[in-house]
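The chain contents come next:
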Amino acid sequence: ADNAFGTIGGELAVHGIGGLCPPFRRFVSGACRGPAMLVVCDGETTEYMGSHEGCTQGDVAAMAFYALGVKPLITELSSAVDTSACKQIWYADDSTAAG
């Protein structure tokens, strides 16, 4: 899928998660060892393909994986602006800043 969950880099996110939440890193690194198998079915034929990056829709770890994966970006953006004048708002894969 062409969205934030599908494009976050797996290895980089797992590395970042390791510094923020080591127990979750162990879980995610085990779950992300190989590509998740995606099933595409049109009623007549079924095809399988591997998802090599990011999280797949319905993955129970997707929200935490994404949130911890983008935390370094959020921190970097926060240090680049006057946080009393500009606020970041993040919800799932949507973000905005105002101020």
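Anyway, here's the lowdown on the structure attached to this text. (Residues numbered from 1 in each chain as written. Predicted model: local features only at pLDDT ≥ 70, side-chain atom pairs only at ≥ 80, totals over all residues. Heavy atoms only, no water.)

1. Considering the overall build of the protein
Within the protein, the regular secondary structure consists of four helices and four strands. By residue count, 21% of the 99 residues in the protein fall in the buried class. Long-range contacts, defined here as pairs at least 24 residues apart, represent 46% of the contacts in the protein between residues at least 6 apart. When the accessible area of the protein is evaluated, it comes to approximately 7,000 Å², of which 57% is carbon and sulfur surface. (Helix = DSSP H or I, 4+ residues; strand = E, 2+ residues; numbered from the N terminus. Buried < 20%, exposed > 50% of the residue type's maximum accessible area, 1.4 Å probe, protein only. Contact = heavy atoms within 4.5 Å. Areas by Shrake-Rupley, 256 points an atom, 1.4 Å probe, with all protein chains shown as cover.)

2. Observations regarding a nonpolar patch on the surface
A contiguous nonpolar surface patch, about 370 Å² in accessible area, is contributed by Met37, Val39 and Tyr48. Tracing the chain through its elements places Val39 in strand β1 (residues 36–41). Judged by relative accessible area, Val39 falls into the exposed class, the value being 55%. (Patch = residues over 30% accessible without salt bridge, like charges linked within 9 Å, V, L, I, M, F, W, Y side chains within 5 Å. Salt bridge = Lys/Arg side-chain N within 4 Å of Asp/Glu carboxyl O.)

3. Considerations on the environment of Met49
If you trace the backbone, Met49 turns up in strand β2 (residues 46–51). Remark: the alpha-carbon pair of Met49 and Leu38, spanning 11 residues in sequence, is separated by 5.3 Å.

4. Side note on the pairing of strand β4 (residues 94–98)
As defined by bridge partners, strand β3 (residues 87–91) adjoins β4 across five bridges and the pair is classed as antiparallel. Bridged to Ile89 within β4 is Thr96. Turn length for the β3-β4 hairpin, with the two strands adjacent in sequence and antiparallel, is two residues, and the turn residue Ala92 shows positive phi of about 55°. (Pairing = 2+ DSSP bridges.)

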